[in-house]
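# Structural description and commentary
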Amino acid sequence: MALQLKRYQQDALDALAAFLAGARGCDTQARMQAAFEAARRQAMGENAPLAAYRPFTAEQPAIPVACIRIPTGGGKTLMAAHAIDIAARDYVGTRAPIALWLVPSNTIRMQTLEALKTPGHPYRQALLAHWPDDALTVLDIADCRQIRAHDIGRRAIVVVGTVQTLRVENTAAREVYAYHEDFAPHFATAPDAPFFERVSERDLEAQPYLSRGDLGRIKASFANLLAWHRPIVIMDEAHNAQSKLSLAVLERIRPACVVEWTATPLPDQNVLYAVSAQELKAADMIKLPI
């Protein structure tokens, strides 16, 4: 059953759409800041307070990062499902995006995954509002090897995982960074790009089936697949993923854009739109006194 968006939910998504549309072609921090400020004014009026925009990195300011502040119980998962379409349509410019949906724990991962895959669930219906069932794939990150080369560019692919799955210094120690023959067909036409991780001595130690002849080869890994095709990143409870190592993880996978959701943003997060507890109460989302 499809859920109709509450007014505050639609307003927040409209602000995201305005920012991402304005961010297209922005290649400097100053231009991204201008797009960010314009979207905030459009959403909150000309008297919206100024907010500093923190670039993705100093070296890659062209990757837009936006945070939606929404209290617990405000429906952020439903909004995030709709946000994938917004990012695909208004920024990436594709009807067949790859989205990496990162959550803070395995419990939330399984809950989110089940909801997004279950026929009739409102979160599944939110995705189906934008893509037909036969053009949509939702996967656990543990099952990412099910993605086939012919799926890329033809289906919307949503992969749900935890930040911890990707957050590691020694990439040879994690499955998502490992070389897998299942991914080899994806890389048959891969460019010789510097952003790809290559097979290293550590990989030979972790994966005995690799030989010294593989040293320096592009790793047929899920992480490299993401880096090549540049996913839309949905970051749940994003205040927990602002460490240097977490940001380094995002650098490795070269996101197209990052959409963050949290009830308690850190001071330097790019809060594009903030929903108040009073708005939730007015929309009958919470029953307790504010």
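Quick note: structure is the one above.
Quick look at the structure, then. This one's a predicted model, so the numbers in the text were calculated from it and none came from an experiment.

### What to know about the packing of aromatic side chains
To describe a pair of aromatic rings, you give the distance between the ring centres and the angle between the ring planes. Within this structure, the stated rule accounts for 8 aromatic pairs. Pairing phenylalanine 19 with tyrosine 53 gives two aromatic rings, centres 6.0 Å apart and planes at 55°, and the pair type is tilted. Highlighted residues: phenylalanine 19 in helix H1 (residues 7-23) and tyrosine 53 in the loop between helix H2 (29-44) and strand E1 (65-69), separated in sequence by 34 residues. Note on tyrosine 53: relative accessible area 3%, which makes it buried. The rings of Phe187, Phe195, Phe196 and Trp228 are connected pair by pair, giving a single aromatic cluster.

### Some details on the side chain of histidine 186
Tracing the backbone shows histidine 186 in the loop between helix H6 (163-166) and helix H7 (201-206). Given the relative accessible area of 6%, histidine 186 is considered buried. Apart from the residues lying within four places of it in its own chain, the contact partners of histidine 186 are Ile147, Arg148, Ala149, Ile152, Leu225 and Trp228.

### Focus on the sheet that holds strand E3 (residues 136-140)
An order of E3-E4-E2-E5-E6-E1-E7 is seen for the 7 strands of this open sheet, with the pairing classed as parallel. This sheet does not close on itself; its edge strands, each paired only once, are E3 and strand E7 (271-274). Strand-to-strand twist across the sheet, computed as the mean angle between neighbouring axes with direction ignored, equals 15°. Strand direction decides the pairing type here: E3 and strand E4 (residues 156-162), joined by 5 bridges, are parallel. By the bridge assignment for E4, aspartate 140 is matched with valine 160. Contacts from helix H3 (residues 76-92) reach E1, strand E2 (98-103), E4, strand E5 (232-236) and strand E6 (257-262) within the one sheet, and its direction differs from that of E5 by about 155°.

### Some details on the packing of H1 against H3
A pair of packed helices is characterised by two quantities: the angle between their axes and the separation of those axes. Packing of H1 against H3 leaves a shortest axis separation of 9 Å and a crossing angle of 25°. Classified by the angle their axes make, H1 and H3 are roughly parallel. You can see that H1 and H3 cross each other, and the crossing is right-handed. Together, Gln9, Ala12, Leu13, Leu16, Ala17, Leu20, Ala21 and Ala23 of H1 and Leu78, Met79, His82, Ala83, Ile86, Ala87, Asp90 and Tyr91 of H3 make up the contact between the two elements. The residue makeup of the contact of H1 with H3, split by class, is 13 nonpolar, 2 polar and 1 charged.

### Digging into the environment of alanine 142
Note on placement: alanine 142 falls in the loop between E3 and E4. Sequence separation between alanine 142 and valine 159 is 17 residues, and the spatial gap between their C-alpha atoms is 9.1 Å.

### So, the environment of proline 255
Structurally, proline 255 is set in the loop between helix H9 (244-253) and E6. Proline 255 gets classed as buried once you look at its relative accessible area, which sits at 0%. For the pair formed by proline 255 and isoleucine 232, sequence separation is 23 residues and the distance between their alpha carbons is 5.9 Å.

### Comments concerning unusual backbone geometry
One non-glycine residue, arginine 230, lies in positive phi territory at about 55°. Mapped onto the secondary structure, arginine 230 falls in the loop between helix H8 (222-229) and E5. Under the relative-accessibility criterion, arginine 230 is labelled partly exposed at 30%. Unlike most non-glycine residues, aspartate 284 shows phi in positive territory, near 60°. Following the sequence through the fold, aspartate 284 ends up in the segment after helix H10 (277-282). The class of aspartate 284 is exposed, set by a relative accessible area of 52%.

### Brief notes about H2
Over its 16 residues, H2 extends 22 Å from the first C-alpha to the last, a length consistent with the 22 Å expected when each residue adds 1.5 Å. In this structure, the buried residues of H2 make contact with H1 and E7. Positive phi shows up at glycine 45, right after H2, with a value of about 100°.

Quick notes on the rules
- Residues numbered from 1 in each chain as written.
- Predicted model: local features only at pLDDT ≥ 70, side-chain atom pairs only at ≥ 80, totals over all residues.
- Heavy atoms only, no water.
- Phe/Tyr/Trp six-rings, centres within 6.5 Å; stacked < 30°, edge-to-face > 60°.
- Helix = DSSP H or I, 4+ residues; strand = E, 2+ residues; numbered from the N terminus.
- Buried < 20%, exposed > 50% of the residue type's maximum accessible area, 1.4 Å probe, protein only.
- Contact = heavy atoms within 4.5 Å.
- Pairing = 2+ DSSP bridges.
- Axes fitted to C-alpha atoms, helices over the stretch in contact; angles between N-to-C directions.
- Parallel < 35°, antiparallel > 145°, perpendicular 65-115°, else oblique.
- Left-handed = near helix turned anticlockwise from the far one by under 90°.
- Nonpolar A, V, L, I, M, F, W, Y, C, P; charged D, E, K, R; others polar.
- Expected span 1.5 Å × (residues − 1).

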